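# Tertiary structure, described
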Amino acid sequence: MNISKKLKENIETLKSILKDCDDIIYRKIEIGDKDKTKACLIFVDGLVDKSLISEYAIQVLLQCTESKDNMNINMIKTNFLDRISAESIAVHDVKEEEDLDKIVDEILVGETALLVDNCKKGLILSSRGWPTRGIAEPETETVVRGPRDGFGETMRFNTALVRRRIRDPKMKLKATKVGRRSKTDIAIVYIEDIVNEKILQEVMKRIDEIDIDSIGESSTLEALIEDDYLSPFPQIESTERPDAVAASLYEGRVGIIVDNTPFALIVPATLGTLFQSTEDYYSRWPITSVIRIIRIICAFLSVLAPALYIAISSFHPGLIPTVLTFYLAASRVNVPFPVVIEAFLMEITIEILRESGTRIAGPIGSTIGIVGGLIVGQAAVEAGIVSPLMIIIVAITTMASFALPNYQWASGLRICRFAFMVLAAVLGLYGIMLGVVILFAHFAKLKSFGVPFASPYSGLGIKEGDLKDTLIKAPLQRLRFRPKFTFPRDKKRM
Amino acid sequence: MRRKLLIMSIISLILMSGCWDKEEIEQRLFVTDIGIDLNEEAKGSDVDRLIVTYQYPNINAIGKNATEEQRTYLISTISSSIFQAGREFRNRVPFPFYYKHVKVLIVGESLLKEEELVRQILDELNRDTKTNKKIMILVAEGKARDILQANYSEDQHTDGVIYSSVRDNRSSARFTPKTLTDFISDFDISNTTIVPRIILENGKFKISGGCIIKNYKFLEWVDEKENRVINFMNGEVNLETIDVVHNDDLIIYTIIRGDTKKDAYIENGVKASINVEIEGYLQGYTMNDKKTAYDNKVLLEMENTIEKEIKAEMEKTIDKLQEINADIIGIGEHMSKFHPRDWEKIQDSWDNIFPEIEFDVTVNVHIRRTGLTK
Amino acid sequence: MQRNTISNQHIKALLVTTIIGVGMLSLPSELAMILENDGWIAIILAGLMLIPFLIIIDKLFSMFPNKSIFEIGREVMGPTIFGIILIIQAIYTIIVLAYTVRIFGEVIKVYILETTPIEVIIITMLLATAYLSRSKIEVLGRMAVMIYPIIIGLVVFLLAVTLPDMDYTNIFPIFNADYKQLPRGIMTAVFSYTGYEIIFLCYNYSDDNKNTLKYVLRGLIVVTCVYLIVFFTSLSSFGIYQLKREIWPSVAVVKEVNLPGYFLENLDGIMLAIWVIAIYASLTSIFYIGGAVLSNISKTKTHELFILPLIPIIYTVALLPDNLVQTNEIMARIISYAAIIARVILPIIIFISAIIRKRRSRA
């Protein structure tokens, strides 16, 4: 709906659209000396940088001596609005707009609308400014060595952090809004001559197809654009670190930065990348290689350890050396529950502990962990309800799942752990192997935006040496080519 | 819709089924030693032919939180076979038996006199899926049950003392450990095998020497020295110490390594040659300033003495073996592998040929080191 | 990234993982019974025999670039005759699947799960197989590449743990066998190469047609080496007599391993666990072949529709024999003879027909 020429009408319309929104401010001013032109600034209190509006818009306009009917032939601009925006208004970005709905959108984003009487268009002054956290260290991904800046909740600042690391004009940033009501800003970032066209187009297509009323967090976006939403495993990575996003862009992947959340998305994600963490690239290569292999072992442990314990003690005590068997049996004497129940009990207890540790904030939170571990674990063993070996296994499993760098991936594996425990309880070792084989089949089937999820272990890139950067970490001098799984256009790195 | 059906059918399948093989680990009895004896009173009867003894550990007595003192339990019954005994014991014990950790099988000497019975027992063990074929076989001089009984209240390893003693003969050649696999394959190849002998001495067990079994039947006892020599000839020289008198002094010589080469050929009858190379060091001589072992000549003399001694022992043992007609030393096996055409010709009359074989034994001893002093 | 092509690496991995399956367990024993210590000759000869067939297939596909085997067959032999061939192939596939899954169930029952009913083992395995078989060939290829190092690792593991206890002299006497038995031995060995039909279905989807033959030959050499290693370790550990007695020597060998100093005992569990993976890979490939053949006979677009209905059929056939001996006698024999038809005669017929057709069209 277009603006009318009369300021009063416009303000009426705006007030009716924005009825009961008591945080909208209508600042009426009069511009000019002799014939004062009426104007009104409309903005949301709390979303605008008030000093900017006061100094660079209101003050300037109040001091402006322009008159609407000034017809000096020497003037370059004839349009009143153009004149005041070019010569008076000191705000860094000014746009013209004639659609009232769009003006409302802009106001709600935090821009200020300047409506002038007898003008067909309105001006949108860029005045966004709201309380932010400032740059803080990302809490979920800390490193020993490396930058400690993390994303904030403002998309623009986040994209700036990425831009700082890629000062190439080929780094492109496409901004769109997603969500009917939330109109969340998102930015798709990529490096034009490295990225694979097909992945990029697929990303854009899927984002365009979204029809939902709000995107609360990037995880909502993730859920809407991923390949297989029924799978427990993530097919898109999320990170709080701008250096992670920048590094992924250099590999030929696409980043999606979403407003209102510090978690940016990186597309595509594969088995290889889910085991990598940014710290790998800041440490020396021998230790990183060892740690990467340990991570894979941890993935197996976190899924299989309780299930193996159940299978071996209930079904096949013949599969472990005799000495171990007897100690196992001795440790379980007089324990009232069968192994299956014991295992499930302990696993559920650990999940409860985990959840309660996350909910409780501050100093009490860490104490809960210690207290919980002590009370539940130690006392249960003393009381003879649970065997000590079970506690050890559950502890190892939990710690193994924390050792994985990607939290979603670890969570997906946690779910599988329960399924494996059920399988082990019914069919023993054979059940576990069935589960393993179905899991592998699932990995083989899964794709992430056209890239097979199980790369590079499933063939793509083995010849090209992708394993050099996923299974272990080769020294930087050997990693001259970018990883193949995204089929980047510019293959050479060094 | 189809996917839902699939998922539901899978879940219901899993939930409806029972867990058939599930048995809690502390509710199993792990048999570690089995003893078999011939039931002499019931000779001829198929059902009561054996006395079977099981030994299994007391779980409550293992580990840090041991609540009981008695380490193992022993039960015994009359039965027709090893696994049948397990079923018969079931009325007396709280839990089912689990056989995958059986380590030792002790056979009473009387049992070995019945060839058919031995064949049947061996087949039972060979065919069975529940036992490991790495069971050590021992022959008891007397009754197996008595030996297990004596062992019963001793301090135990988790694996069992008998097993720990017998499994690894790297440090002694007084007996030749035999697993079930080797036992059976020895019969296949040369019809004879040697098995360690276990005896009771002063209430404790002792594994000394062996027992030669031929054609699934007991043949002859072999004492420790003979066993040692047989080991040499089979190429299994282990750490052993030999006492030899040299110039009125007793030399103690420890063997580290040995290498045996056998050969057999037909030339005016079958001839065999055994050549043993032994390396070792001087363990003990005498503290006498006039007698030093650091002299090459002295060492050579010592080597000669030791060679003579070992060669004499070997020849004596070979004579004994030829007398009892037991080809333990693997001459037949060697021929069947390396001279198959010749072996085919004489295979059937091996029993007649073996006692007539001319043996040529050579021993080569090297004293490589004399220890720390001269 | 691209649709409808798989890399040569995938083809090679598919070949190796499909062939190494149930045949591996009893192969040494069967060969020892026929050829004594010289069973390995049969393995090598059987492998060599397959090479000309691979070359024929390569030539066939290069004559009709980018056409699937079904299209080629229909073109070359006429739809009716080819339809009959396809039906034979489908029945053959069902029998192979039933046999494999039955033997698999028997082995699991003997070593791991004694009292669990074999029906449960078979059904769960078939359902798990169906999950993967319903996908495209590229997914199967990816799965094969993931599994390939595991299988090779298993064989290396087998070798490593049995090495200390092996008795090399058990391999002798060599070259002492009855050579009249050689054809029988080769037939037995060829039976263990079941599964190489997967080549027919994925050859034309390769993204680099010139080098496919090289990869496929490498795969065949790998399979032959694996079987040789298995044979020699079994022979060295057991000696020829016991080897003839054991039904599944490969597993028994690992059961034998007892190095208490190194804490390695009772390793048959690990070996069987990984063997389950190998069997799964074989089953999914062959299942896929069955589905693809059936879908082609009935001219449907995807093979997915046929996978699930096949499960009850395979289940019934698998449970037909009463015991292991019957399974081996009846089914194995059928498969051996049908294998010759399906794998040897068919490619030759198709090839010759193709040459004739080409000559006719040229003239």
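Residues numbered from 1 in each chain as written. Chains lettered and ligands numbered in written order. Predicted model: local features only at pLDDT ≥ 70, side-chain atom pairs only at ≥ 80, totals over all residues.

## Some points on the overall build of chain A
- Secondary structure assignment for chain A yields 16 helices and 12 strands.
- Whereas a compact globule of 494 residues would reach a radius of gyration of roughly 23 Å, chain A reaches 30 Å, over 25% beyond that.
- Taken along the three principal axes of its C-alpha coordinates, chain A extends 105 × 55 × 40 Å.
- For chain A, the residues scored as buried account for 42% of the 494 residues in total.
- The long-range fraction of contacts in chain A, counting pairs at least 24 apart against all pairs at least 6 apart in sequence, stands at 67%. (Helix = DSSP H or I, 4+ residues; strand = E, 2+ residues; numbered from the N terminus. Rg over C-alpha atoms; globule rule 2.2 N^0.38 Å. Buried ≥ 20, exposed ≤ 12 C-beta atoms within 10 Å, placed from the backbone. Contact = placed C-beta atoms within 7 Å.)

## Details of the interface of chain B and chain C
- Each side of the interface is counted separately: chain B has 19 residues, and chain C has 21 residues.
- For the side of chain B that touches chain C, the secondary structure elements donating two or more residues are helix 1 (2-16), helix 6 (180-190) and helix 9 (331-338) of chain B.
- If one sorts the elements of the side of chain B that touches chain C by residue count, helix 6 of chain B sits on top with five residues.
- For the side of chain B that touches chain C, a count of residues per class yields seven nonpolar, six polar and six charged. (Nonpolar A, V, L, I, M, F, W, Y, C, P; charged D, E, K, R; others polar.)

## Brief notes about the sheet that holds strand 10 (residues 217-222) of chain B
All names here are of chain B.
- If you walk across this open sheet you meet the eight strands as 4-3-2-6-7-8-9-10, and the pairing is mixed. Two strands close off the open sheet at either side, each with one partner strand: strand 4 (72-79) and strand 10. Going across the sheet, the axis of each strand differs from the next one's by a mean of 30 degrees, ignoring polarity.
- Pairing of strand 2 (residues 33-38) with strand 3 (residues 50-57) involves six bridges; the strand directions are antiparallel. In the sheet register, aspartate 33 faces strand 3, and the bridge partner there is glutamine 55.
- The strands touched by helix 6 are strand 7 (136-140) and strand 8 (192-201); relative to strand 8, the strand with the most contacts, the crossing angle is about 135 degrees.
- On top of the sheet, helix 7 (residues 224-233) reaches strand 8, strand 9 (204-214) and strand 10; it is set at about 55 degrees to strand 9, its chief contact. (Pairing = 2+ DSSP bridges. Axes fitted to C-alpha atoms, helices over the stretch in contact; angles between N-to-C directions.)

## Section: the interface of chain A and chain C
- At the interface, 29 residues of chain A touch 28 residues of chain C.
- When residues of the side of chain A that touches chain C are traced back to their parent elements, those giving at least two are helix 15 (407-445) and strand 12 (451-452) of chain A.
- The element that contributes the greatest number of residues to the side of chain A that touches chain C is helix 15 of chain A, accounting for 12 residues.
- When grouped by side-chain class, the residues that make up the side of chain A that touches chain C number 19 nonpolar, seven polar and three charged.

## Remarks on the environment of tyrosine 203 of chain C
Residue and element names in this part refer to chain C.
- Tracing the chain through its elements places tyrosine 203 in the loop between helix 9 (198-202) and helix 10 (212-238).
- Tyrosine 203 sits in the buried class, given 21 other C-beta atoms within 10 Å.
- Taking the C-alpha atoms as reference points, tyrosine 203 and serine 62, separated by 141 residues in sequence, lie 9.8 Å from one another.
- Beyond its immediate chain neighbours, meaning those up to four positions away, tyrosine 203 contacts Ile57, Phe61 and Thr212.

## Observations concerning the sheet that holds strand 2 (residues 37-44) of chain A
Residue and element names in this part refer to chain A.
- One open sheet accounts for five strands, arranged 1-2-4-5-3; its pairing is antiparallel. Either end of the sheet is taken by a strand with one partner, and the two such strands are strand 1 (24-31) and strand 3 (94-97). Neighbour-to-neighbour, the strand axes of the sheet open up by a mean angle of 25 degrees, direction not taken into account.
- Across four bridges, strand 3 lies against strand 5 (residues 122-125) in antiparallel orientation.

## Quick word on the nonpolar core
- Ranked by size, the top nonpolar core spans 220 residues in total, and within it Ala307, Ile310, Tyr430 and Ile432 of chain A together with Val101, Met143 and Cys202 of chain C carry the most contacts.
- If you tally residues by element for this core, the top one is helix 15 of chain A, at 21 residues.
- Counting only domains with at least three residues in this core, you end up with domain 2 (155-269) and domain 3 (283-445) of chain A.
- Beyond its immediate stretch of four places on either side in the chain, valine 101 of chain C contacts Ile122, Met125, Leu126, Leu283, Ile314 and Ala318 of chain C.
- One finds Met233, Ile278, Ala326 and Ile328 of chain B within the second-largest nonpolar core, a separate group that totals 89 residues. (Core = buried A, V, L, I, M, F, W, Y, C linked by C-beta atoms within 7 Å. Domains from an automatic or database assignment.)

## As for unusual backbone geometry
Residue and element names in this part refer to chain A.
- With an omega dihedral of -10 degrees, the bond running from valine 267 to proline 268 counts as a cis peptide bond.
- Positionally, proline 268 belongs in the loop between strand 10 (264-267) and helix 9 (271-274).
- Backbone torsion omega between serine 455 and proline 456 reads -10 degrees, so that peptide bond is classified as cis.
- The backbone of lysine 183 sits at a positive phi, close to 45 degrees, despite the residue not being glycine.
- If you trace the backbone, lysine 183 turns up in the loop between strand 6 (171-178) and strand 7 (184-191).

## Quick look at the packing of helix 6 (residues 118-133) of chain C against helix 14 (residues 304-318) of chain C
Residues and elements named next belong to chain C.
- Their axes nearest at 10 Å, the elements helix 6 and helix 14 cross at an angle of 150 degrees. The orientation of helix 6 with respect to helix 14, classified from their angle, is roughly antiparallel. As for the relative orientation of helix 6 and helix 14, their crossing is right-handed in sense. Of the residues in helix 14, those in contact with Ile122, Ile123, Leu126, Ala130 and Ser133 of helix 6 are Ile307, Leu308, Ile311, Ile314, Tyr315 and Ala318.
- When grouped by side-chain class, the residues that make up the contact of helix 6 with helix 14 number 10 nonpolar, one polar and no charged. (Parallel < 35°, antiparallel > 145°, perpendicular 65-115°, else oblique. Left-handed = near helix turned anticlockwise from the far one by under 90°.)

## Observations concerning the pairing of strand 5 of chain A
Residue and element names in this part refer to chain A.
- Side-chain alternation along strand 5 places Gly122 and Ile124 on one buried face and Leu123 and Leu125 on a second face that is also buried.
- Alignment of strand 4 (residues 112-116) against strand 5, held across three bridges, turns out to be antiparallel. In the strand pairing of strand 5, alanine 113 is matched with isoleucine 124.
- Counting the residues that bridge the hairpin from strand 4 to strand 5 gives five residues, and of these asparagine 118 lies at a positive phi of roughly 65 degrees.

## Description of the pairing of strand 6 (residues 104-108) of chain B
Residue and element names in this part refer to chain B.
- For strand 6, a buried count of five out of five residues is recorded, marking the element as mostly surrounded by other parts of the structure.
- With burial as the criterion, each face of strand 6 is covered, one bearing Val104, Ile106 and Gly108 and the other bearing Leu105 and Val107.
- In this structure, strand 2 lies alongside strand 6, joined through four bridges in parallel fashion. Across the sheet, residue glycine 35 finds its bridge partner in strand 6, namely isoleucine 106.
- Two strands pair when backbone bridges link them, and strand 6 and strand 7 are joined in this way by five bridges, in the parallel orientation. Directly across from valine 104, in strand 7, lies its bridge partner methionine 136.
- Tracing the backbone out of strand 6, into helix 3 (residues 115-127) and back to the parallel element strand 7 gives a crossover that is right-handed. (Right-handed = clockwise from strand over helix to strand, strands pointing away.)

## Here we look at the environment of methionine 63 of chain C
Residues and elements named next belong to chain C.
- Mapped onto the secondary structure, methionine 63 falls in helix 3 (residues 39-63).
- Considering only alpha carbons, one finds methionine 63 and lysine 358, 295 residues apart in sequence, at a separation of 8.9 Å.
- Apart from residues no more than four positions distant in its own chain, methionine 63 is found in contact with Ala354 and Lys358.

## Brief notes about the environment of leucine 201 of chain C
All names here are of chain C.
- Along the chain, leucine 201 turns up in helix 9.
- Taking the C-alpha atoms as reference points, leucine 201 and isoleucine 137, 64 residues apart in sequence, are found 8.4 Å from one another.
- Excluding residues that lie within four positions of it along the chain, leucine 201 makes contacts with Ile69, Ile137, Ile289 and Ala292.

## Re helix 15 (residues 324-362) of chain C
Residue and element names in this part refer to chain C.
- The end-to-end C-alpha distance of helix 15, which contains 39 residues, comes to 54 Å, matching closely the 57 Å that a straight helix rising 1.5 Å per residue would cover.
- The largest bend along helix 15 measures about 35 degrees and falls at isoleucine 345, with the proline proline 347 one to four residues further on.
- Each element contacted by the buried residues of helix 15 is listed here: helix 3, helix 4 (69-77) and helix 5 (79-111). (Expected span 1.5 Å × (residues − 1). Bend = angle between axes of the 7 residues up to and from the residue.)

## Remarks on the domain arrangement of chain A
Residue and element names in this part refer to chain A.
- With domains assigned, chain A is organised as domain 1 (7-125), domain 2 (155-269) and domain 3 (283-445).
- Across the contact, five residues belong to domain 2 and seven residues belong to domain 3.
- Its residues assigned to classes, the side of domain 2 that touches domain 3 comprises three nonpolar, one polar and one charged.

## Here's the deal with the packing of helix 5 (residues 155-165) of chain A against helix 8 (residues 242-250) of chain A
Residue and element names in this part refer to chain A.
- Where helix 5 contacts helix 8, the axes come no closer than 9 Å and their chain directions differ by 55 degrees. Classified by the interaxial angle, the pair formed by helix 5 and helix 8 is oblique. In this structure, the crossing between helix 5 and helix 8 has a hand that is right-handed. Between helix 5, through Leu161, Val162 and Arg165, and helix 8, the contact on the second element is made entirely by Pro242, Asp243, Val245 and Ala246.
- Residues that form the contact of helix 5 with helix 8 fall into these classes: five nonpolar, no polar and two charged.

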